[in-house]
Amino acid sequence: MDGGEKSDLICAWALEEGFDRAGVAVLDRSEHEEAFERWLERGEHGEMSYLEKRRDVRLDPRLILDGARSAVCVALHYHPLRDSVESEGDLWPRVARYARGSDYHGVMERRLEALAERICAAFPGTGTRLYVDTGPVLERELAARAGIGVAGKNTNLLHPESGSWFLLGELFTTLELRPDPPISDLCGSCTRCLEECPTGAFPEPYRLDSNRCISYWTIEHRGPIPSHVRSSIGDWVFGCDVCQEVCPVNPGRDLWPEGEFHLPKRRADLDLASLLSLERERYVEIFRGTAMKRAKLEGLKRNAAVAMGNRGDKRYLPALSQALCDADPTVRGHAAWALGRIGNEAAVEVLESALGDEEHPVTRGEITASLQVLRDVGGQKQNQAQADLPTRVD
Ligand code: SF4
Ligand code: SF4
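All figures in this text were calculated on a predicted structure; none of them were measured in a lab.

A. Examining the state of the cysteines more closely. Tallied over the entire structure, the rule returns zero disulfides. Looking at the unpaired Cys-11, the closest cysteine sulfur is the one in Cys-73, lying at 9.2 Å. Overall, the relative accessible area of 12% leaves Cys-11 in the buried class.

Have a look at this one:
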């Protein structure tokens, strides 16, 4: 069997194992080495320091496995277009679509393992190594080489039939396989993602500054979100889909999504207020096996408080007031910030009482700042009311 026949066979097996597309990439040094190094130098990876590590392997995928010759790249669709549950409630529409169901890592790893077993059984002595988003791999570049998609200006891979709603995985192998042809550019003169990104996270096409990306702040960042960033996050709670939602390559794609990526009933009832008050035991129970666990309970509560503050809905005042007693100082601080955004006289009372009990210096600072905001607003209103009083005319 020659390399072309092996490629065809293995890609057909990948589809049988449940992937939506598969292609083969030849292993060569990255063509984007200079751009990647400059991106790191500018610090546009934020606090994701793992991207600085194992740079030799990341830039040369031949080092991933002794004798590695080819990578079988796979794509799995996740866009749940037909799940009506997901359009309900105040939380789930603001969770990135890929994260609403099961954790894709486990789903894809199991399928890649099954694919590796088939390859090793058919071609004894073959070496394999698989990755799903976790290894030192420039996976979008590799997948583009395998014809899985082509880079869009929003830095996602685009495919003419399935848009960008898909996840990537790779199986490195010592087999010499025939590479697939790359796909040509799909963006043309379009710049919608660059214009519509709520935080202006693209300094130029094909370049993302993580420090300005909602996905970075809501998923990767630990601890307090800088106060100047919070309002730009809007009401996204985990990730952000805007630069995909606006992409004209995406709409109208009638994909049949993976069952695993649907929002299960045990999480569907969760809303912002109940997320903010979630107990750890319940969190473990309902978020087990999901990608959302990456943000951890404290991160999800922090994000819920920011979303509530940015929505400015007074319905959230009781939940935010209660969160001033949360065990985590970051959650308490962000609840205080949100109360400062939407609060009223009752919120001032709650914040004043919380300040009396608060010992954490950063959280005290948050409460004090919010009280200042509310008093300033109250003062302005009072001044305005006085200015509006009718003047007596004798
Ligand atoms: Fe901008 Fe959201 Fe895309 Fe990040 S995920 S680049 S914030 S549109
Ligand atoms: Fe390309 Fe336009 Fe899609 Fe951006 S929105 S990735 S520019 S096609």
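B. How the structure looks around the sheet that holds strand 3 (residues 128-131). On the basis of which strands lie adjacent, the open sheet formed by four strands has the order 1-2-6-3 and antiparallel pairing. Pairing within the sheet leaves two strands with one partner each, and these edge strands are strand 1 (21-26) and strand 3. Neighbour to neighbour, the strand axes of the sheet diverge by 20° on average, direction disregarded. Direction of pairing for strand 2 (residues 70-77) relative to strand 6 (residues 166-173): antiparallel, over a ladder of eight bridges. From the neighbouring strand, Ala-71 faces strand 6, where its bridge partner is Phe-172. Here helix 1 (residues 3-16) sits on the sheet in contact with strand 1 and strand 2, set at roughly 140° to strand 1. Against the sheet, helix 4 (residues 104-122) contacts strand 2, strand 3 and strand 6, and its axis sits at roughly 30° relative to strand 6.

C. Layout of the site of ligand 2. The environment of ligand 2 is formed by Gly-152, Lys-153, Asn-154, Leu-158, Cys-187, Cys-190, Arg-192, Cys-193, Cys-247, Pro-248 and Val-249. Split by residue class, the shell around ligand 2 holds seven nonpolar, two polar and two charged.

D. Representation of the site of ligand 1 in the model. Looking at ligand 1, the residues that line it are Cys-197, Pro-198, Thr-199, Ala-201, Phe-202, Leu-208, Cys-213, Ile-214, Ser-215, Cys-240, Val-242 and Cys-243. Looking at the shell around ligand 1, the elements with two or more residues in it are helix 7 (214-220) and helix 9 (242-245). A breakdown of the residues in the shell around ligand 1 according to their chemical character gives ten nonpolar, two polar and no charged.

E. Representation of the packing of aromatic side chains in the model. A complete count under the given rule lists eight aromatic pairs for this structure. Centre to centre, the rings of Tyr-78 and Tyr-98 are 6.3 Å apart; their planes meet at 80°, and the pair counts as edge-to-face. With a gap of 20 residues between them, Tyr-78 in the loop between strand 2 and helix 4 and Tyr-98 in the loop between strand 2 and helix 4 connect regions that are remote in the sequence. Each member of the pair Tyr-78 and Tyr-98 is classed as buried. Exposure remark for Tyr-98: the relative accessible area of 19% places this residue in the buried category. Put simply, the rings of Tyr-78, Tyr-98, Tyr-104, Trp-165 and Phe-238 pair up and form one aromatic cluster. Stacked on the ring of Phe-166, the Lys or Arg Arg-21 has its end atom at 4.7 Å from the ring centre. The ring of Trp-236 is capped by Arg-94, whose NZ or CZ atom sits 4.1 Å from the centre of that ring.

Cut-off values and rules
- Residues numbered from 1 in each chain as written.
- Chains lettered and ligands numbered in written order.
- Predicted model: local features only at pLDDT ≥ 70, side-chain atom pairs only at ≥ 80, totals over all residues.
- Heavy atoms only, no water.
- Disulfide = S-S within 2.5 Å.
- Buried < 20%, exposed > 50% of the residue type's maximum accessible area, 1.4 Å probe, protein only.
- Pairing = 2+ DSSP bridges.
- Helix = DSSP H or I, 4+ residues; strand = E, 2+ residues; numbered from the N terminus.
- Axes fitted to C-alpha atoms, helices over the stretch in contact; angles between N-to-C directions.
- Contact = heavy atoms within 4.5 Å.
- Near = heavy atom within 4 Å.
- Nonpolar A, V, L, I, M, F, W, Y, C, P; charged D, E, K, R; others polar.
- Phe/Tyr/Trp six-rings, centres within 6.5 Å; stacked < 30°, edge-to-face > 60°.
- Lys NZ or Arg CZ within 6 Å of the ring centre and 35° of its normal.

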